[in-house]
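The residues making up each chain are set out below.
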Amino acid sequence: MLDDLRIFLEVSQTGNLSKVAQQRGIAVSSVARKIDALEASLATKLFHRTSRAIILTDAGERFLPRAKSMISELDDAKDELSALRADPRGLLSVTAPAAFGRRYLTPAVSSFLKQYPLMEIDLHLSDQVIDLAEQRLDVAIRIGTLPDSDLIATKLAPLNRLACASPAYLERHGIPETPLDLVHHNCLKKTTRHLPYEWFFNGFNQNKALAVKGSFRSDDVEALMQAAVAGMGIIHLASFIVSDMVAAGKLKILFESELPAIQKAAHKSNAGIHAVRLPGRSHAAKAQLFINHLRQEFGTPPVWDRALGFA
């Protein structure tokens, strides 16, 4: 298809099949077959052919600038990819939720810049959803379910949400046997500006949100985790947030018999940790290079889940 487009442009410029064939060192019939194939794929005649001339049809005239644009974009992409392979350089603007950015993105940025010393990263950490086009950002890390949009998304990891509490809290208040028991416990809830942060457990309460309540709420996941470590109550947060404290014995995962089902549901779910970028940006190749690096750094399963023994 790409070669057919190039021949279409060459024939439109010269108005002569023989000249194009001579320039390419191929038979005139080969040039004609390329034009025929392109017209067949488009279901449209692009040229009027006579014994003395070949000229563009009205459809061919309208298609010409689009063909030039397609060839130009492909050539630019090839040039940029070649440049990346040789010596990637320049600035990338990246945004991410604060907790994930501090814990896992910043170390990955560090290793990326060691590997590509001519690159620069401008990192913005915020729990607000930032408009990439408005703020002219190249890459955003988004956690949860992505809304429909024109963004190009790459899933970096599944999103495992875990219920956890400190050993001290469980010793005082008892260990809930099933997620349904959480309605009788002090649950530390995350507050959000736009959407309610609900506690769902696959296979329980008809897969509807549990009516949990508690004495402490916060829009900051680090504050909730520290409150749980201090024994204030139970949290239900992403595994990347609680992983370190679980490994250190300061938090205990609840409902461990349900973990295989939780992991299976997380892998199938559209929710996850994604890297998104805008299509058509001039930094697209560098952005994808950075995203590929993140996937390699985090691994499968990601490093925070490996620390919990997840497969």
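A short tour of the structure in this document, coming up.

Rules and cut-offs
Residues numbered from 1 in each chain as written. Predicted model: local features only at pLDDT ≥ 70, side-chain atom pairs only at ≥ 80, totals over all residues. Heavy atoms only, no water. Axes fitted to C-alpha atoms, helices over the stretch in contact; angles between N-to-C directions. Helix = DSSP H or I, 4+ residues; strand = E, 2+ residues; numbered from the N terminus. Parallel < 35°, antiparallel > 145°, perpendicular 65-115°, else oblique. Left-handed = near helix turned anticlockwise from the far one by under 90°. Contact = heavy atoms within 4.5 Å. Nonpolar A, V, L, I, M, F, W, Y, C, P; charged D, E, K, R; others polar. Buried < 20%, exposed > 50% of the residue type's maximum accessible area, 1.4 Å probe, protein only.

Further remarks concern the packing of helix 2 (residues 17-24) against helix 3 (residues 28-42). One way to put it is that helix 2 packs onto helix 3 with a least axis distance of 8 Å and a crossing angle of 110°. Between helix 2 and helix 3, the angle falls in the class roughly perpendicular. When you trace helix 2 past helix 3, the crossing you get is right-handed. From helix 2, Leu-17, Ser-18, Val-20 and Ala-21 reach across to helix 3, where they touch Val-28, Val-31 and Ala-32. Counted by class, the contact of helix 2 with helix 3 contains six nonpolar, one polar and no charged residues.

Burial within helix 9 (residues 239-247) is extensive, with seven of its nine residues counted as buried. For helix 9, the complete set of buried residues consists of Ser-239, Phe-240, Ile-241, Val-242, Ser-243, Met-245 and Val-246. Just downstream of helix 9 lies Gly-249, where phi reads positive at about 80°.

A separate point is the side chain of His-236. Note on placement: His-236 falls in strand 10 (residues 235-238). With residues up to four places along the chain from it excluded, the contact list for His-236 reads Arg-161, Leu-162, Ala-163, Tyr-197, Glu-198, Trp-199, Phe-200 and Phe-201.

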